[in-house]
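A closer look at the structure
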Amino acid sequence: MVSYGEFREVAGEAPDTGPQRPRTPRRPGCPFCLIVCGRAPATVLREWPETIAIRPRHGGVTAGHVLVIPRVHVADVAEDPVVSAATMLRAAELAAEAGDCNVITSRGPSATQTVRHLHLHLVPRAEGDGLLLPWTAVRPAGT
């Protein structure tokens, strides 16, 4: 039995991704679907056949913050592992150009997902930028 915070390890077998839901090219009212199909404004920084990279609407948490979004509607990272992997590939390409950075996605409201369309945040980082992640210990001033 798997409990909260544990993951199953299956030696020598391909992971079972379970049944895949049919992909919906667009979901009405989804803000990222509207951006992907050109019906909502966004600053598109890069495009690939399966994904786009945009600047967050309010500029992001650091200079250079980018969102990488699949062109098909997938609610979160677990819904379609193939789409998630392709989206991560593009985020990794951008991360290689960015230097130190966080690449983050969230799944579900308890994990701070506010838009139910898979998206990866690429957040460039610099020493002493003051941006703390929830699991980062606060360091005393001057250390």
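Thresholds, definitions, all that
In every chain, residue numbers begin from 1 and rise along the written sequence. Where totals are concerned, whole chains, interfaces and linings use all residues; where local detail is concerned, this predicted model gives features only for residues with pLDDT of at least 70, and gives and counts side-chain atom pairs only at 80 or more. By convention in this description, side-chain values take in all heavy atoms of the structure and omit both hydrogens and water. Helix numbers and strand numbers start at the N terminus; a helix is a DSSP run of H or I with at least 4 residues, a strand a run of E with at least 2. The buried label goes to any residue with under 20% of its type's maximum accessible area, the exposed label to any with over 50%, and the partly exposed label to all in between, with areas taken from a 1.4 Å probe on protein chains only. Each accessible area is a Shrake-Rupley result for a 1.4 Å probe, and residues are judged covered by the shown protein chains and nothing else. UniProt positions are given in the numbering used here, feature names are shortened, and annotations may be inferred rather than shown by experiment. Here a residue-residue contact requires only that any non-hydrogen atoms of the pair lie within 4.5 Å. The pairing criterion is simple: DSSP has to find at least two bridges between the two strands. Working convention: axes come from line fits to C-alpha atoms, limited for helices to the stretch in contact. Angles between N-to-C directions cover 0 to 180 degrees. For a helix, the expected span equals 1.5 Å multiplied by the residue count minus one. N or O atoms within 3.5 Å of each other form a polar contact, as long as, within protein, one can give a hydrogen and the other can take it, and as long as residues adjacent in sequence are counted only when both atoms are side-chain atoms.

Per an unreviewed UniProt entry, the protein carries the name HIT domain-containing protein and comes from Streptomyces nigrescens.

The next point concerns the overall build of the protein. Secondary structure summary: the protein contains two helices and five strands in total. Start at the N end of the protein and walk to the C end: the helices and strands fall as α-β-β-β-α-β-β. Across the 143 residues that make up the protein, the buried fraction comes to 31%. When the accessible surface of the protein is totalled, it reaches about 9,800 Å², and 57% of it is carbon and sulfur.

A few words now on the UniProt feature "active site" (unreviewed entry) in the protein. Listed under "active site" (unreviewed entry) in the UniProt record, and renumbered for this structure, are H119. Relative to the elements of secondary structure, H119 occurs in the loop between strand 4 (101-104) and strand 5 (120-124). Here H119 is in contact with F32, L67, V68, I69, I104 and T105, once residues within four sequence places are set aside.

Taken in spatial order, the five strands make up an open sheet running 1-2-3-5-4, and their pairing is antiparallel. The outermost strands of the open sheet, each flanked by one partner alone, are strand 1 (44-47) and strand 4. When strand polarity is set aside, the average angle formed by the axes of neighbouring strands in this sheet is 20°. Sheet strands in contact with helix 2 (residues 81-98) are strand 1, strand 2 (51-54), strand 3 (66-70), strand 4 and strand 5, and its direction is about 155° off that of strand 3.

Checked against the element boundaries, T62 lands in the loop between strand 2 and strand 3. According to the relative accessible area criterion, T62 is buried, its value standing at 15%. Setting aside residues up to four positions removed in sequence, T62 forms contacts with V123, P124 and L131.

What follows is about helix 2. With 18 residues, helix 2 should reach 26 Å at 1.5 Å per residue; the first-to-last C-alpha distance of 25 Å fits that figure. Next to the buried residues of helix 2 lie strand 1, strand 2, strand 3, strand 4 and strand 5. You can read the cap of helix 2 off the contacts: a side-chain oxygen lies 3.1 Å from the backbone nitrogen of V82, and it is on D80.

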